[in-house]
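Here are the chains, one letter per residue:
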Amino acid sequence: MTNTSTLEKSTPLNYYQEQNNEVELFESAWHNQLPVLLKGPTGCGKTRFIQHMAEKLGRKLYTVACHEDLTASDLIGRHLIGDGKTYWQDGPLTRAVREGAICYLDEVVEARKDSIVVMHPLTDDRRILPIDRTGELLHAPPEFMLVVSYNPGYQNLLKGMKPSTKQRFMSMSFDYPNKELEAEIVSKEAGVDLELAKLLARLASHIRQLKDHDLEESASTRLLIYAATLIKSGIPVSDACRAAIAEPLSDDIEVVEALMEVMNAQLGDD
Amino acid sequence: MEEWVGVKWHHYITNKSTIRYREAAVSLKDFGKRLAVYFRALGGDPGLSLAETSDYIHSAHRTFLQKMAGSGVKQALPHFHNEYFFLPNQIDCFPSKKSNEALYYWLTALASLNHTPHKNHWIKHNQYLSQQILKQWPGLRARYKSLSRLQLKHRPKISTLPKKLQAVERAIQQVIADPWCENDIEVGHDVQSLPVMLWLYPSPIKTVAERRDQQDQDEQDQEQKLASKNLGDKKYKAEQMDDRDPGDGLIAFRLESLFTWSEFLNLDRSEEDTDDEDLQSIADDLDKITVSSGKTASKVKLDLDLPSAEYDDVVLSGGILLPEWHYKKEQLIEQQCALQTMALKITEPAQWSEQTQKQARILKRQFESLKPERKWLDRQEQGDEVDLNSFMEFSVQRFMGRGTTDPNLYRQLHQTNRDLSTLLLADLSLSTDAYISGDRKVIDVIRESLYIFGECLSAAGERFAMTGFASKLRSHVRYYQLKGFDEDYDDTVRNRVYAIRPNFYTRMGAAIRYATKQLAVQKTGQKLLLILTDGKPNDLDQYEGRYGMEDTKHAVNAARKEGLVPFCISVDIEPHDYLSYIFGGQSFVHIKHIEELPKKLPLLFYQLTT
Ligand SMILES: Nc1ncnc2c1ncn2[C@@H]1O[C@H](COP(=O)(O)OP(=O)(O)OP(=O)(O)O)[C@@H](O)[C@H]1O
Ligand SMILES: [Mg+2]
């Protein structure tokens with residue numbers, strides 16, 4: 001349900017290719033104790049970015065993938081029994097506050113609104129976390145940071161973030177990188193040569209034109225990396241693109257075939 | 001001029017120049033969708049649609065054999081026209097299906113550059129387009145090579161041609177063989193050469209005879225298909241009406257434009273609140289407009305009388321009185337509109353086309369998987385499993401000496417229904433009588449959309465209702481109940497959906513207010529009001545224009561206050577600003593290609609609610 005990633009300080013920084021000035025902006029938010037909202041389509045590097053930043057700032061990162069059944073206790077903590085007595089176990093949010101870590105709530109709109117309100121007192125200048133069950137009141141240290149993310153691509157009438165919640169965050173918008181940067185990312189991540197990565201990135205930029213009209217989602221950087229990885233391990237290019245790009249993007253056979261033709265036009269079919 | 005035919009005609013028996021390989025034919029209707037996606041992915045203007053061309057007689061120098069056979073003279077040529085890119089409805093010029101298919105893709109690729117080849121530089125321009133595509137899409141080079149080889153086999157031998165055609169033919173063949181070759185021939189497209197299957201053409205090429213035919217055809221066509229490309233600007237609209245479409249058809253005409261004409265022509269509508277304005281005078285006015293606009297509009301009859309009882313739908317209720325917002329007075333005037341709930345007169349059982357049924361099946365399958373899952377409910381008094389969390393909490397409490405009397409320590413699987421009711425309110429006004437393409441009208445698309453929407457939502461186990469509305473002044477707002485919340489989606493409902501037809505005008509506010517009432521009494525926590533319309537509010541009185549917009553906006557806001565979530569799906573020609581004015585920036589979507597509505601509507605519902 002919640003996934004906590006602990007990072008060793010000694011490992012080299014998670015590779016993140018900066019697109020604009022997001023690294024500096026994020027650092028500045030951290031120094032000034034501002035909570036941050038990351039927006040962007042799926043697979044564009046939000047998670048990678050936050051991992052990178054946590055390492056860069058030397059903070060531990062607690063990641064919570066939000067979902068409908070997430071309760072406030074899942075975030076804050078609950079009582080447990082062991083050794084014949086009860087004890088309190090912190091949830092990821094509480095732990096992050098205590099340790100001055102970064103707490104990252106991924107896909108925050110998926111969580112129910114009543115679970116989300118627990119973070120309100122943390123996101124204004126009080127920066128406190130009251131724990132009702134134990135009566136404790138935590139003051140967040142300056143190193144603590146709350147980061148949430150969501151994908152604004154699909155509009156949902158019944159969910160969605162309240163404007164008043166949105167306004168508690170500084171917002172950073174992410175999108176797929178331009179062809180050159182994306183090729184570099186794909187080449188580094190999948191370990192393929194830059195020429196192949198460039199072709200894939202070009203292909204993606206064309207397929208992205210189909211968003212809204214023919215496709216609900218754009219081809220993500222993540223999918224390109226999948227395709228490149230398959231090709232690297234010896235799968236023929238067109239099979240790799242079908243499996244990692246065309247099929248994941250659409251269930252409509254006509255669209256899949258059209259995407260394959262676009263791929264052929266880019267990479268050749270013979 | 002024709003002497004060469006006599007001399008060398010036997011040669012043409014073996015010349016495959018315009019021979020068709022029937023068995024290798026591929027047709028656009030099997031590839032249309034793929035090509036459209038391909039076109040857009042390569043950079044083609046997403047505002048254009050693909051369409052098929054009928055055959056044109058081209059003015060090529062025909063062979064004797066071809067003349068004898070009376071075939072081979074017609075060739076469908078790819079070209080742009082208005083909002084369309086036309087492709088041959090069938091390609092069979094090459095001996096294998098694969099090559100003919102590849103030709104479709106090649107032509108579409110050329111078109112994706114969004115150029116109409118220049119009339120006077122037809123060869124040069126196609127050469128340029130070919131170069132661009134081969135440069136941008138290296139994967140197509142191998143394909144082009146084999147296509148060009150095939151095409152060259154079909155070209156007439158240069159020595160057999162009359163002298164004056166030789167230079168042109170030589171240039172054509174050079175460019176086909178190598179798009180990077182040097183050539184300085186400047187020729188227009190109507191030169192007497194055989195068509196080049198690999199190239200685009202400037203615009204329909206027509207012989208005089210055909211033009212004459214076309215004119216007759218036009219006279220007939222024009223009655224139904226009126227040009228109206230961009231209704232954004234009223235003046236332009238009026239001009240458009242005179243602009244004769246040269247015959248590719250597929251032009252939409254919106255009755256809406258007629259209504260807005262009255263605004264344009266500045267009819268003497270008195271500024272006072274003339275909601276009881278004499279019906280006849282409006283009718284006369286409108287008549288005048290239709291007449292003065294010439295034959296073009298004669299097909300559009302404004303039948304302002306209610307149909308005779310025999311043909312009319314059945315009135316179910318004597319009139320529900322609803323308020324209306326008067327924006328100038330800033331006042332909600334009570335009992336201003338009378339709304340009748342109606343039952344549609346069903347004359348025949350629903351007959352959906354094969355394609356529509358197929359589409360419904362595919363989408364339905366997707367929606368079946370969305371059926372509310374069974375879910376574990378925690379903290380139950382009884383259940384199949386122990387709820388560890390609540391047991392833990394209970395134990396903790398007991399440890400601390402704060403035992404609860406009724407511990408709910410179990411979990412149970414429950415069929416959880418979504419806590420949502422949805423009402424789809426469809427605009428059935430006369431504007432939906434407009435043609436979109438061929439003999440398809442807006443209402444046909446709406447009908448299919450409602451059908452597929454119903455299939456999908458019932459497959460997903462959603463709680464929903466479908467209704468439609470039309471109006472004729474404030475005294476007659478007709479509200480059609482197609483499916484009630486508690487009704488099953490069955491053949492009775494399908495027949496009703498099938499029976500919808502265009503009717504009068506669009507007094508949207510009253511319909512929204514009544515739909516709000518219906519939704520408000522539903523016991524679910526969430527209530528979604530989807531409004532499907534093809535234009536802005538209008539009616540014969542002052543409802544047209546600002547008044548109607550303000551009233552509708554007011555009704556939408558009132559629905560919101562009731563806790564409903566109103567959302568508009570517009571299939572108007574343009575995504576006009578009025579949509580965000582009435583519904584708010586986040587609460588509408590404009591569907592540009594109305595033909596996509598049947599598929600998009602259920603998907604949109606899914607997107608908006610999950
Ligand atoms: N700027 C970047 N630098 C380095 N790697 C990147 C970058 N952008 C994307 N990637 C690669 O793309 C993959 C997907 O990115 P990531 O998981 O961060 O996406 P996300 O935005 O969190 O997506 P989702 O919304 O689906 O969670 C990463 O694993 C990484 O390999
Ligand atoms: Mg992520």
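Residues numbered from 1 in each chain as written. Chains lettered and ligands numbered in written order. Predicted model: local features only at pLDDT ≥ 70, side-chain atom pairs only at ≥ 80, totals over all residues. Heavy atoms only, no water.

Novice: Which residues make up the site of ligand 1, and what values do they have?
Specialist: Residues and elements named next belong to chain A. Near ligand 1, the surroundings consist of 15 residues, among which Thr42, Gly43, Lys46, Thr47 and Glu189 are the closest. The separation between an oxygen atom of ligand 1 and a polar side-chain atom of Thr42 is 2.5 Å. One nitrogen or oxygen atom from the main chain of Gly45 is found 3.1 Å from an oxygen atom belonging to ligand 1. A total of 640 Å² of accessible area belongs to ligand 1 in isolation, and the protein chains cover 88% of it. (Near = heavy atom within 4 Å. Polar contact = N/O pair within 3.5 Å; in protein donor to acceptor, adjacent residues only side chain to side chain. Areas by Shrake-Rupley, 256 points an atom, 1.4 Å probe, with all protein chains shown as cover.)

Novice: Hey, could you go over the packing of helix H2 (residues 28-41) of chain B against helix H4 (residues 97-111) of chain B for me, with residue numbers and the actual values?
Specialist: Residues and elements named next belong to chain B. Running from N to C, H2 and H4 point in directions that differ by 35 degrees, and their axes come no closer than 10 Å. Relative to H4, the crossing made by H2 is right-handed. Facing H2, whose interface residues are Leu28, Phe31, Arg34, Leu35, Tyr38 and Phe39, H4 presents Glu101, Tyr104, Tyr105, Thr108, Ala109 and Ala111. (Axes fitted to C-alpha atoms, helices over the stretch in contact; angles between N-to-C directions. Helix = DSSP H or I, 4+ residues; strand = E, 2+ residues; numbered from the N terminus. Left-handed = near helix turned anticlockwise from the far one by under 90°. Contact = heavy atoms within 4.5 Å.)

Novice: Hey, could you go over the pairing of strand S9 (residues 145-150) of chain A for me, with residue numbers and the actual values?
Specialist: Residue and element names in this part refer to chain A. With six of six residues buried, S9 is to be regarded as a mostly interior element. Side chains of S9 alternate between two faces, with Met145, Val147 and Ser149 and Leu146, Val148 and Tyr150 buried alike. Pairing of strand S2 (residues 36-39) with S9, which is carried by four bridges, proceeds in the parallel orientation. Counted as the bridge partner of Leu38 is Ser149 from S9. Note that strand S6 (residues 102-106) and S9 share four bridges and pair parallel. Each residue of the ladder has a partner; that of Ile102, found in S9, is Met145. (Buried < 20%, exposed > 50% of the residue type's maximum accessible area, 1.4 Å probe, protein only. Pairing = 2+ DSSP bridges.)

Novice: Describe the packing of helix H16 (residues 508-520) of chain B against helix H17 (residues 546-561) of chain B, naming the residues involved and giving the relevant values.
Specialist: Residue and element names in this part refer to chain B. Across the interface, H16 lies against H17 with an axial gap of 8 Å and an inter-helix angle of 15 degrees. It follows from the interaxial angle that H16 and H17 lie roughly parallel. With respect to the hand of their crossing, H16 and H17 are arranged in left-handed fashion. Residues Met508, Gly509, Ala510, Ile512, Arg513 and Thr516 of H16 form the contact with H17, whose participating residues are Asp551, Thr552, His554, Ala555, Val556 and Ala559. Taken together, the residues that form the contact of H16 with H17 break down as six nonpolar, four polar and two charged. (Parallel < 35°, antiparallel > 145°, perpendicular 65-115°, else oblique. Nonpolar A, V, L, I, M, F, W, Y, C, P; charged D, E, K, R; others polar.)

Keep in mind that these numbers describe shape and distance, not what the molecule does.
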